[in-house]
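In case you want the letters, here they are:
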Amino acid sequence: TNLRDNHGVDATIIDLNAYRIKDKLWQKRIEAGEKIPWGRHKTFGEAKELIQKHFEVNGEPCLVGLSGKITTLHWQKEVTKIIRELLPDVFLVSGGGLATELGARLFKFIPELDAVACGEGDDIIARIVQDARETNRCRRFIYEGSRPKNLDALPFADLELLRSDVFGNPLLEWYLNAPAWSKQASNSSAIPWNDEDVIPKTTSVSSRGCPFRCK
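The structure reproduced in this document is the subject of the present report. Please read all numbers here as calculations on a predicted model, not as lab measurements.

Remarks on the packing of helix 3 (residues 44-58) against helix 4 (residues 73-86)
Here's step 1: Taken N-terminus to C-terminus, the directions of helix 3 and helix 4 make an angle of 45 degrees; their axes are 10 Å apart at the nearest point. The angle between helix 3 and helix 4 places the two elements in the oblique class. Once helix 3 is placed against helix 4, the crossing between them reads as right-handed. Contact residues: helix 3 offers Phe44, Ala47, Lys48, Ile51, Gln52 and Phe55, while helix 4 offers His74, Trp75, Glu78, Val79, Ile82, Ile83, Glu85 and Leu86.
Here's step 2: A per-class count over the contact of helix 3 with helix 4 returns nine nonpolar, two polar and three charged.

The following block contains the structure:
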């Protein structure tokens, strides 16, 4: 939203974490003892199909950015290979918690990357886009983002970007009806109410601008 509203750059989103698929493969994994009651994620093959279709519908980008926490390293390694196969010359950057924690060391784990963006991305994203447009991928980049000087100058996230995917799946509806915080959620923020009591819902990050780089 920041790129679009403040810099005139179009951007689209693919969220591979949005999918909870209940099919025969999911059933087999349940029977094998996996605890995935809400459904499975896409396979890498299914992810490739989604990414390829997304590029066909929205056009080939000059930049692809990945984001995620430490737990997404395995997925980011595979997804970067998929993107390199589909778009060999695209500028590929990883940001978010994983990139901030590992910094330049992330290149050792994901050699397909052109850049790593550490810290907050709001102010450096415009420079990343500019480098993606101008660079010939002759070197690697490290970006160090700092806390935005004025959070009020940033637009709110536009959830319409997640209304649906290129196959018509209702991602936003899935988000609002996912029981992230409930008795059944099995996470550190579980509350004593049942799934049906806490949906539809969304969540909000209230710690933006914190000076501590907690691990």
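Describing helix 3
Here's step 1: Counted at 1.5 Å a residue, the expected span for helix 3 with its 15 residues is 21 Å, and the 21 Å between its end C-alpha atoms agrees.
Here's step 2: All of the buried residues in helix 3 are Ala47, Leu50, Ile51, His54 and Phe55. Within helix 3, the buried residues cover an arc of 135 degrees as seen down the axis, which keeps them to one side. Opposite the packed face of helix 3, turned more than 90 degrees from it, sit the exposed residues Gly45 and Glu56.
Here's step 3: Turning to helix 3, the residues buried within the fold contact strand 1 (63-67) and helix 4.
Here's step 4: Within two residues after helix 3, Gly59 carries a phi angle of roughly 95 degrees, on the positive side.

Let's talk about the packing of aromatic side chains
Here's step 1: In total, this model carries four aromatic pairs according to the counting rule given.
Here's step 2: With a centroid separation of 6.0 Å and 5 degrees between ring planes, the pair formed by Phe141 and Tyr143 is classed as stacked.
Here's step 3: A relative accessible area of 1% places Tyr143 in the buried class.
Here's step 4: Aromatic ring contacts, followed pair by pair, group Phe91, Phe141 and Tyr143 into a single cluster.

Topic: the pattern of salt bridges
Two side chains bearing opposite charge may form a pair once their charged atoms approach each other closely.
Here's step 1: Per the stated rule, a full pass over the model turns up nine salt bridges.
Here's step 2: Linking Arg40 and Asp23 is a salt bridge whose minimum nitrogen-to-oxygen distance equals 2.7 Å. Linking Arg40 in the loop between helix 2 (24-31) and helix 3 with Asp23 in the loop between helix 1 (2-7) and helix 2, this pair joins segments that are 17 residues apart in sequence.
Here's step 3: On the basis of relative accessible area, Arg40 is assigned to the buried category, the value being 2%.
Here's step 4: Here Asp23 falls in the partly exposed class, since its relative accessible area comes to 29%.

A few points about helix 4
Here's step 1: When the terminal C-alpha atoms of helix 4 are compared, their 20 Å separation across 14 residues agrees well with the 20 Å that a helix rising 1.5 Å per residue should span.
Here's step 2: Among all positions in helix 4, only Gln76, Val79, Thr80, Ile82, Ile83 and Arg84 are buried.
Here's step 3: Residues of helix 4 that are buried sit in contact with helix 3, strand 1, strand 2 (91-95) and helix 5 (97-102).

A closer look at the nonpolar core
Here's step 1: Counting residues in each nonpolar core, the largest one holds 25 residues, and the members touching the most others are Ile83, Leu106, Leu113 and Val116.
Here's step 2: Counting only elements with at least two residues in this core, the list comes to helix 3, strand 1, helix 4, helix 5, helix 6 (106-109) and strand 3 (115-119).
Here's step 3: Leave out the neighbours within four places in its chain, and Leu106 touches Leu73, Ser94, Leu98, Ala99, Leu113 and Val116.
Here's step 4: In this structure, Leu63, Val93, Ala117 and Ala132 belong to the second largest nonpolar core, which totals 13 residues.

Rules of the game
Residues numbered from 1 in each chain as written. Predicted model: local features only at pLDDT ≥ 70, side-chain atom pairs only at ≥ 80, totals over all residues. Heavy atoms only, no water. Axes fitted to C-alpha atoms, helices over the stretch in contact; angles between N-to-C directions. Helix = DSSP H or I, 4+ residues; strand = E, 2+ residues; numbered from the N terminus. Parallel < 35°, antiparallel > 145°, perpendicular 65-115°, else oblique. Left-handed = near helix turned anticlockwise from the far one by under 90°. Contact = heavy atoms within 4.5 Å. Nonpolar A, V, L, I, M, F, W, Y, C, P; charged D, E, K, R; others polar. Expected span 1.5 Å × (residues − 1). Buried < 20%, exposed > 50% of the residue type's maximum accessible area, 1.4 Å probe, protein only. Arc of directions from axis to C-beta. Phe/Tyr/Trp six-rings, centres within 6.5 Å; stacked < 30°, edge-to-face > 60°. Salt bridge = Lys/Arg side-chain N within 4 Å of Asp/Glu carboxyl O. Core = buried A, V, L, I, M, F, W, Y, C linked by side-chain atoms within 4.5 Å.

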